[in-house]
Amino acid sequence: MAQTKKYTSKAGNEYTFQKVTPRAWIRKLDEIDQKGKSREALTEAVLENIVVTPKKTIDDFEDYAELEEVTVEAMRFQQGK
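Residues numbered from 1 in each chain as written. Predicted model: local features only at pLDDT ≥ 70, side-chain atom pairs only at ≥ 80, totals over all residues. Heavy atoms only, no water.

1. Concerning the overall build of the protein
For the protein, the helix and strand inventory stands at three helices and three strands. Element order for the protein, N to C, with α for helix and β for strand: β-β-α-α-β-α. The C-alpha radius of gyration computed for the protein amounts to 12 Å, which stays within 12% of the reference 12 Å derived for 81 residues, consistent with globular compactness. Dimensions of the protein, computed from the C-alpha atoms along their principal axes, are close to 35 × 30 × 20 Å. Counting across all 81 residues of the protein, residues that qualify as buried make up 30%. (Helix = DSSP H or I, 4+ residues; strand = E, 2+ residues; numbered from the N terminus. Rg over C-alpha atoms; globule rule 2.2 N^0.38 Å. Buried < 20%, exposed > 50% of the residue type's maximum accessible area, 1.4 Å probe, protein only.)

2. Some points on the packing of aromatic side chains
Applying the stated criterion across every chain yields a total of three aromatic pairs. Ring geometry for Tyr15 versus Phe61: centroids 6.5 Å apart, planes at 15°, classification stacked. Highlighted residues: Tyr15 in strand β2 (residues 14–18) and Phe61 in the loop between β3 (51–53) and α3 (64–78), separated in sequence by 46 residues. Judged by relative accessible area, Phe61 falls into the buried class, the value being 11%. In this structure an aromatic cluster arises from ring pairing among Tyr7, Phe17 and Phe77. A cation over an aromatic ring shows up here: Lys19 above the ring of Phe77, its NZ or CZ 5.3 Å from the ring centre. (Phe/Tyr/Trp six-rings, centres within 6.5 Å; stacked < 30°, edge-to-face > 60°. Lys NZ or Arg CZ within 6 Å of the ring centre and 35° of its normal.)

Structure follows, in structure tokens:
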């Protein structure tokens, strides 16, 4: 069973993170590297693979601060921090 974590943003929005297996995450990072290390591609990968609820895209966020906070925390969770 995949490891999950509940996270509440500073704005009070609730998210659930789910860890991706190390091999699958490394493959995803390799894909991003091959595309030129796009910040957009990394953010999309985090939202698609780690943030499991609610399902959101970059465009669903009203401000960048919330998007950045959630993606940074999700990546920290993926890294075991």
